[in-house]
Amino acid sequence: MSADLPVWAACLVVGLALAGAAVSFVGALGLVRLSHFYERVHAPSLCATLGLFLVVAASSLFFSVAEGRVVLRDGLIALFVIVTTPVTLLLLGRAAAYRDRAEGHPGAPPEP
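Here the structure is a predicted model, which means the values were calculated and not measured. (Residues numbered from 1 in each chain as written. Predicted model: local features only at pLDDT ≥ 70, side-chain atom pairs only at ≥ 80, totals over all residues. Heavy atoms only, no water.)

> Looking at this structure, how should I read the overall build of the protein chain?
Counting its regular elements, the protein chain contains 3 helices and 0 strands. Counting helices and strands in the order they occur from the N terminus, the protein chain gives α-α-α. In summary, the protein chain has a C-alpha radius of gyration of 19 Å against a globular reference of 13 Å for 112 residues, an excess of more than 25%. Principal-axis analysis of the C-alpha atoms gives the protein chain an extent of 60 × 25 × 15 Å. Across the protein chain, every contact between residues at least 6 apart in sequence was considered, and the portion connecting residues at least 24 apart equals 62%. Of the charged side chains in the protein chain, 7 are positive and 7 negative, and the gap between their average positions amounts to 3 Å. (Helix = DSSP H or I, 4+ residues; strand = E, 2+ residues; numbered from the N terminus. Rg over C-alpha atoms; globule rule 2.2 N^0.38 Å. Contact = heavy atoms within 4.5 Å. Lys, Arg positive; Asp, Glu negative; His and termini not counted. Charge placed at Lys NZ, Arg CZ, Asp CG, Glu CD.)

> Just to check I follow, could you spell out the UniProt feature "transmembrane region" (unreviewed entry) in the protein chain for this structure?
If you check UniProt for "transmembrane region" (unreviewed entry), the listed places come out as residues 6-31, 43-63 and 75-92 in our numbering. When the span residues 43-63 is considered, its composition is 100% helix and 0% strand, and the gap between its end C-alpha atoms is 30 Å. Overall, residues 75-92 shows 100% helix and 0% strand. The separation of its end C-alpha atoms is 26 Å. (UniProt positions renumbered as here; feature names shortened; annotations may be inferred.)

> Would you take a moment to explain the packing of aromatic side chains for this structure?
For any two aromatic rings, the description comes down to two numbers: the centre-to-centre distance and the angle of the planes. All chains considered together, the criterion is met by 2 aromatic pairs. Aromatic pair Phe-37 and Tyr-38: ring centres 5.7 Å apart, planes at 80°, arrangement edge-to-face. Phe-37 gets classed as partly exposed once you look at its relative accessible area, which sits at 29%. Exposure remark for Tyr-38: the relative accessible area of 29% places this residue in the partly exposed category. When the ring of Phe-62 is compared with that of Phe-63, the centres are 5.0 Å apart and the planes differ by 80°; the resulting orientation is edge-to-face. (Phe/Tyr/Trp six-rings, centres within 6.5 Å; stacked < 30°, edge-to-face > 60°. Buried < 20%, exposed > 50% of the residue type's maximum accessible area, 1.4 Å probe, protein only.)

> Mind showing me how you'd approach the side chain of Asp-100 here?
Take Asp-100: it is sitting in helix H3 (residues 74-103). Apart from residues no more than four positions distant in its own chain, Asp-100 is found in contact with Tyr-38, His-105 and Ala-108.

What follows is the structure, given as structure tokens:
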């Protein structure tokens, strides 16, 4: 496989990869900077999904141009992360809400 990409493809791959890294970094900052658990768990889940999409798009474009055919194998990684991230957020949120209600925290979400 030759990694000699046209300039337009190389610029697009770099732009997508850097944009994905920047969005993921914003999610990491949200995890560190936000004050409450419910806010902290929300920011990384949203940013991880968008950041992953941009990085997978960069990877798919790179390998598609380099191999001269459409390469979608990275889409499986994106599919698994996109499916599992919201489920994980939901389970963490429910567990935290249950714990907060059981301990009697005043800011706990109400019972459904």
